[in-house]
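Commentary on secondary and tertiary structure
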Amino acid sequence: MTIRWYPGHMGKAQEQIAESIRKIDVIIEVLDARLPASSSNHQLEEMRRNKPCIKILNKNDLADPAVTKAWVRNFETESGVRALPMSAKQHSEVKQLLKLCQLLAPNRGRPGFPVRVMVFGIPNVGKSTLINTLAGKHMAKVGDKPAITTCAQQIDLRNGIILSDTPGLLWPDMSDQIAAYRLATSGAIGASALDYTSVGLFAAEFMLHRYPELLKFRYKFTELPDSATALIEAIGRCLGCLISGGVIDHHRAAEAFLRELRAGKLGRISLEEPGEDLARQETPPL
Ligand SMILES: Nc1nc2c(ncn2[C@@H]2O[C@H](COP(=O)(O)OP(=O)(O)O)[C@@H](O)[C@H]2O)c(=O)[nH]1
Ligand SMILES: [Mg+2]
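In this text, all values refer to a predicted model and were calculated from it rather than measured experimentally. (Residues numbered from 1 in each chain as written. Chains lettered and ligands numbered in written order. Predicted model: local features only at pLDDT ≥ 70, side-chain atom pairs only at ≥ 80, totals over all residues.)

Another aspect to go through is the overall build of the protein. A count of helical and extended segments in the protein gives eleven helices and nine strands. Burial analysis of the protein (286 residues in total) assigns 39% to the buried set. Nonlocal contacts in the protein, meaning residues at least 24 apart in sequence, comprise 69% of its contacts between residues at least 6 apart. (Helix = DSSP H or I, 4+ residues; strand = E, 2+ residues; numbered from the N terminus. Buried ≥ 20, exposed ≤ 12 C-beta atoms within 10 Å, placed from the backbone. Contact = placed C-beta atoms within 7 Å.)

Interaxial distance between helix α7 (residues 196–210) and helix α10 (residues 250–262) falls to 8 Å at its minimum, and their mutual angle equals 55°. The orientation of α7 relative to α10 falls into the category oblique. Handedness of the α7/α10 crossing: left-handed. Two secondary-structure elements touch here, α7 through Tyr196, Thr197, Val199, Gly200, Leu201, Ala203 and Ala204 and α10 through His250, His251, Ala254, Glu255, Phe257, Leu258 and Leu261. A breakdown of the residues in the contact of α7 with α10 according to their chemical character gives nine nonpolar, four polar and one charged. (Axes fitted to C-alpha atoms, helices over the stretch in contact; angles between N-to-C directions. Parallel < 35°, antiparallel > 145°, perpendicular 65-115°, else oblique. Left-handed = near helix turned anticlockwise from the far one by under 90°. Nonpolar A, V, L, I, M, F, W, Y, C, P; charged D, E, K, R; others polar.)

So, about the site of ligand 1. Taken together, 18 residues form the shell around ligand 1, and within it Ser87, Gly126, Lys127, Ser128 and Thr129 come nearest. With three residues, helix α5 (residues 127–135) is the largest single contributor of residues to the shell around ligand 1. Grouping the constituent residues of the shell around ligand 1 by class yields six nonpolar, seven polar and five charged. (Near = placed C-beta within 6 Å.)

One way to put it is that helix α6 (residues 177–186) packs onto α7 with a least axis distance of 9 Å and a crossing angle of 95°. Comparing the axis directions of α6 and α7 gives the class roughly perpendicular. Residue-level contacts link Tyr181, Ala184 and Thr185 of α6 to Val199, Phe202 and Ala203 of α7. Residues belonging to the contact of α6 with α7 are distributed by class as follows: five nonpolar, one polar and no charged.

The phi angle of most residues is negative, glycine excepted, and most peptide bonds adopt the trans form. The backbone of asparagine 124 sits at a positive phi, close to 75°, despite the residue not being glycine. Structurally, asparagine 124 can be placed in the loop between β4 (115–121) and α5. Residue classification places asparagine 124 among the buried residues on the basis of 20 C-beta atoms within 10 Å. Despite not being glycine, lysine 220 has its phi angle at roughly 55°, a positive value. Residue placement: lysine 220 occurs in the loop between α8 (212–219) and α9 (228–239). Since 8 C-beta atoms lie within 10 Å of it, lysine 220 is described here as exposed.

The next subject is the environment of arginine 158. Note that arginine 158 resides in the loop between β5 (154–156) and β6 (161–164). Between the alpha carbons of arginine 158 and proline 114 there is a distance of 9.1 Å; along the sequence they are 44 residues apart.

Looking now at the environment of isoleucine 269. As for its placement among the helices and strands, isoleucine 269 is situated in the loop between α10 and α11 (276–280). Here isoleucine 269 falls in the buried class, since 21 other C-beta atoms lie within 10 Å of it. Sequence separation between isoleucine 269 and aspartate 64 is 205 residues, and the spatial gap between their C-alpha atoms is 4.6 Å. In this structure, isoleucine 269 is in contact with Arg34, Asp64, Tyr211 and Leu214, ignoring residues within four places of it in sequence.

Once that is clear, we can look at the nonpolar core. Membership of the largest hydrophobic core comes to 68 residues, with the highest contact counts inside it found for Val26, Ile28, Val117 and Phe257. For this core, the leading source of residues is α7, giving seven residues. Both domains that meet at this core, namely domain 1 (10–169) and domain 2 (195–275), each give it at least three residues. In contact with valine 26, not counting residues within four places along its chain, are Pro52, Ile54, Cys101, Leu104, Ala105, Val115 and Val117. (Core = buried A, V, L, I, M, F, W, Y, C linked by C-beta atoms within 7 Å. Domains from an automatic or database assignment.)

Let's shift gears to α10. Given a rise of 1.5 Å per residue, 13 residues ought to cover 18 Å, and the 18 Å separating the end C-alpha atoms of α10 matches this to within 8%. Along α10, the residues classified as buried are Ala253, Ala254, Ala256, Phe257, Leu258 and Leu261. Against the buried residues of α10 lie α6, α7, α9 and β9 (247–248). Taken from the residues just after α10, glycine 264 is the one with a positive phi, measuring 80°. (Expected span 1.5 Å × (residues − 1).)

In C-alpha cells:
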C-alpha cells in the first residue's frame, strides 16, 4: 500500500515559514528521536541557510539511547547545528536548551536585542508540548495549525530569549515510502492515511530484524515467529484479539501491536540509524 498524506494548507505554510525564519535568530527544529531523518523536513534545511539550528531529538524517553547518541554525533558535524536529545515534558531539560540558544546567537541576548527563537516541526513531534514547557504554562494549543506569523505572540522566556508562541508546522517528506512507513509506525501521520495491517506488518518485520529480544520478553515467546504475519498472529493471540471461533483478528492485532510499540511498552526503540539512507541510495548511472 502507498501511504499518501499532504494536507491542503501545507503549501501556503511554506511561504509563512520562510517569512518566519527571516525574523528569528535561532531555529528550534523538533524531531522524533526514534526517526530523526524521516521526521525532518528537507525544505527547512534549504530555507534556513546559515541560521543556527538546534535539533531537538524529542521523545527521547522512547528511543534507543545508543542510536540517539549516534544521531547527535551525526547532526553536530553540520555547521551551525547543535543536537539535543530531550523529553519535551521534562522541565529539567529546558535550561540546557536556553543555554544553547544563547550560545548560538552570541551577538544578541542583551537588553533591546533578545535572541528570537521559534519552534518548527512536523505534526505530533511535540512542538506544543515543548512550547508549553518552555513557557512554563499552557500557552500553545495542542493540535496542528500552520504558522500564522501575523497572529504569533512573543513569549518572554527571560534570560534574553523570546519565543514565538506559534510553532512552524512542517510536513514530512512522504515521497520516500520507507520514511512514510516509519512515520506511520511512530504515529506521526494521521490515522486516515494509514492501513493498520500493512503498517503493523512493516513494524513487525522491523522488530524481528532489529529488536528480537524485546519481542521475546514482552510477549513471552520461547521461539520467535518466523515471519511478520506469524508475529502479528502470535501477538494477536497473546493480546486476545480474536474474532468468534478463535480466529485472530489481524487488523485489531496490528493496531494493538502498534499502540504498544508507540507507548514504549516493548522498550526503547529507534526506527532508523544515521547512514542508512546512503545504503539505500541507488547506484548513480554511469
Ligand atoms: N513519550 C513522549 N511523548 C511526548 C513527548 N513530547 C510530546 N509527547 C506527546 O506527543 C503527542 C504530540 O504532542 P504535541 O505537543 O501536540 O505535538 P505537536 O503536534 O508537534 O504540537 C502528545 O500526545 C504528547 O503528549 C515526549 O518527550 N515523550
Ligand atoms: Mg501542536
